[in-house]
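Structure assessment
Residues per chain, in single letters:
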Amino acid sequence: MAVSAMVFVQLGLAASVGLFDRLGPEGAAWLRLVWAGLLMLVLVRPRPSWFTRSSLLACLALGVVTAGLTMLFMAAAARIPLGTASALEFLGPLSVATWRGRGTARLWVLPAAVGVVLLTEPWHGAVDPIGVAFALGAAACWAAYILLTQHVGDEVAGIRGLAVSMPVAGVTATLVAGPSTFGSLTWQLVLVGLGLALLVPVIPFALEMLALRRLSTAAFGTLMSLEPAIALIVGLIALGQVPGGLPVAGLACVVVAGIGAERSGGRTEPSPRVEATGRGSEPDPYRVG
């Protein structure tokens, strides 16, 4: 289920590329986030009594970061291959896993650094530097997303935090990209945006939540390390993006570093919150964007 969720994420991103000519990457991200926020509001119907002041502020911050993550990554995918963008973006969770690790666990940053050099090939400018900058910005947002998600997951049960953060992400994206996109919208594009929102994040999130009931968070995080490789395969099949030998080697370095850092950088989980129904909360997954 976790692997299926990652496949849905990458398919959703690949499908979004088709909207770039009509709406631009920021407009495509905006349309997806707005629909996702509306779907979460309808499905979950959040109530003020579910949140403390601290958890509500964390959910609001998480929504802003989610918008930044989604829009920056879409901008990167418009300029550089999907596999390269995904591998560079994965430096965010890799940094978190390395930072929370102990002793030799932090040495996994070295193969990750080698991987970045091989992916970007700076000696002959093979990759668009602006696209790389967007992907690294998305990586920073993903790192913040993980930390905020852990905080929200500690205080808010189930997917209730997402029911606030996703609408906030939609509002944030509207403020940034909405005014420049409204004039290009058609009913056909609106319906396409609904389908993309189901691909990312609604269906992947449901699959990830089911997977987390059967996997430890360490095992789940290790599986997430495979996402750059899945992105490369989807980019090859769906977009015809054929990688060179060095970028493939660089992606492998990032994947290996992610697996090693996650397996040696586990987090002690807090006690699950107990609701009136007697059921504990599920931990939030790493990604929705």
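Notes on the structure follow. (Residues numbered from 1 in each chain as written. Predicted model: local features only at pLDDT ≥ 70, side-chain atom pairs only at ≥ 80, totals over all residues. Heavy atoms only, no water.)

Running from N to C, helix H3 (residues 53-77) and helix H4 (residues 82-89) point in directions that differ by 145°, and their axes come no closer than 9 Å. Helix-helix and strand crossings are classified by hand; for H3 and H4 the assignment is right-handed. When H3 is examined against H4, the residues Leu 69, Phe 73, Ala 76 and Ala 77 are found in contact with a partner set consisting of Leu 82, Ala 85, Ser 86 and Glu 89. (Axes fitted to C-alpha atoms, helices over the stretch in contact; angles between N-to-C directions. Helix = DSSP H or I, 4+ residues; strand = E, 2+ residues; numbered from the N terminus. Left-handed = near helix turned anticlockwise from the far one by under 90°. Contact = heavy atoms within 4.5 Å.)

What follows is about the side chain of Gln 10. Relative to the helices and strands, Gln 10 is located in helix H1 (residues 2-17). With sequence-adjacent residues up to four places away left out, Gln 10 is seen in contact with Leu 82, Ser 86, Glu 227, Ile 230, Ala 231 and Val 234.

As a further point, take the pattern of salt bridges. What the rule picks out here adds up to one salt bridge. Asp 128 is the salt-bridge partner of Arg 79, the closest N and O atoms lying 3.0 Å from each other. Note that Arg 79 is positioned in the loop between H3 and H4 and Asp 128 in the loop between helix H6 (109-120) and helix H7 (129-155), a separation of 49 residues in sequence. Relative accessible area serves as the criterion here: at 42%, Arg 79 is assigned to the partly exposed category. (Salt bridge = Lys/Arg side-chain N within 4 Å of Asp/Glu carboxyl O. Buried < 20%, exposed > 50% of the residue type's maximum accessible area, 1.4 Å probe, protein only.)

All right, on to the packing of aromatic side chains then. Tallied over the full model, the rule gives two aromatic pairs. Ring centres of Trp 30 and Phe 182 lie 5.4 Å apart, and the angle between their planes is 70°; this geometry places the pair in the edge-to-face category. One end of the pair, Trp 30, is in helix H2 (residues 20-44); the other, Phe 182, is in the loop between helix H8 (160-181) and helix H9 (187-212), and 152 residues separate them in sequence. With relative accessibility at 6%, the residue Trp 30 sits in the buried group. Taking the centre distance of 6.0 Å and the plane angle of 70° together, the rings of Phe 90 and Trp 142 count as edge-to-face. One end of the pair, Phe 90, is in the loop between H4 and helix H5 (91-99); the other, Trp 142, is in helix H7, and 52 residues separate them in sequence. The exposure classification of Phe 90 matches that of Trp 142, with both residues buried. (Phe/Tyr/Trp six-rings, centres within 6.5 Å; stacked < 30°, edge-to-face > 60°.)

Ranked by internal contacts, the top residues of the largest apolar core, which has 73 residues, are Leu 33, Leu 82 and Trp 142. If we skip the residues at most four places from it in the chain, Leu 33 touches Thr 66, Ala 67, Thr 70, Met 71, Met 166, Ala 169, Gly 170 and Ala 173. (Core = buried A, V, L, I, M, F, W, Y, C linked by side-chain atoms within 4.5 Å.)

Attention now moves to the packing of H3 against H7. Running from N to C, H3 and H7 point in directions that differ by 155°, and their axes come no closer than 8 Å. As summarised for this structure, H3 and H7 are arranged roughly antiparallel, according to the angle between their axes. Crossing angle aside, the handedness with which H3 passes H7 is left-handed. For the contact of H3 with H7, the per-class residue count stands at 19 nonpolar, eight polar and one charged. (Parallel < 35°, antiparallel > 145°, perpendicular 65-115°, else oblique. Nonpolar A, V, L, I, M, F, W, Y, C, P; charged D, E, K, R; others polar.)

The next subject is helix H11 (residues 227-239). Across its 13 residues, H11 extends 17 Å between first and last C-alpha, which sits within 8% of the 18 Å expected from 1.5 Å per residue. Along H11, the residues classified as buried are Glu 227, Pro 228, Ile 230, Ala 231, Leu 232, Val 234 and Gly 235. One or two steps after H11, the chain reaches Gly 240, where phi turns positive at roughly 70°. (Expected span 1.5 Å × (residues − 1).)

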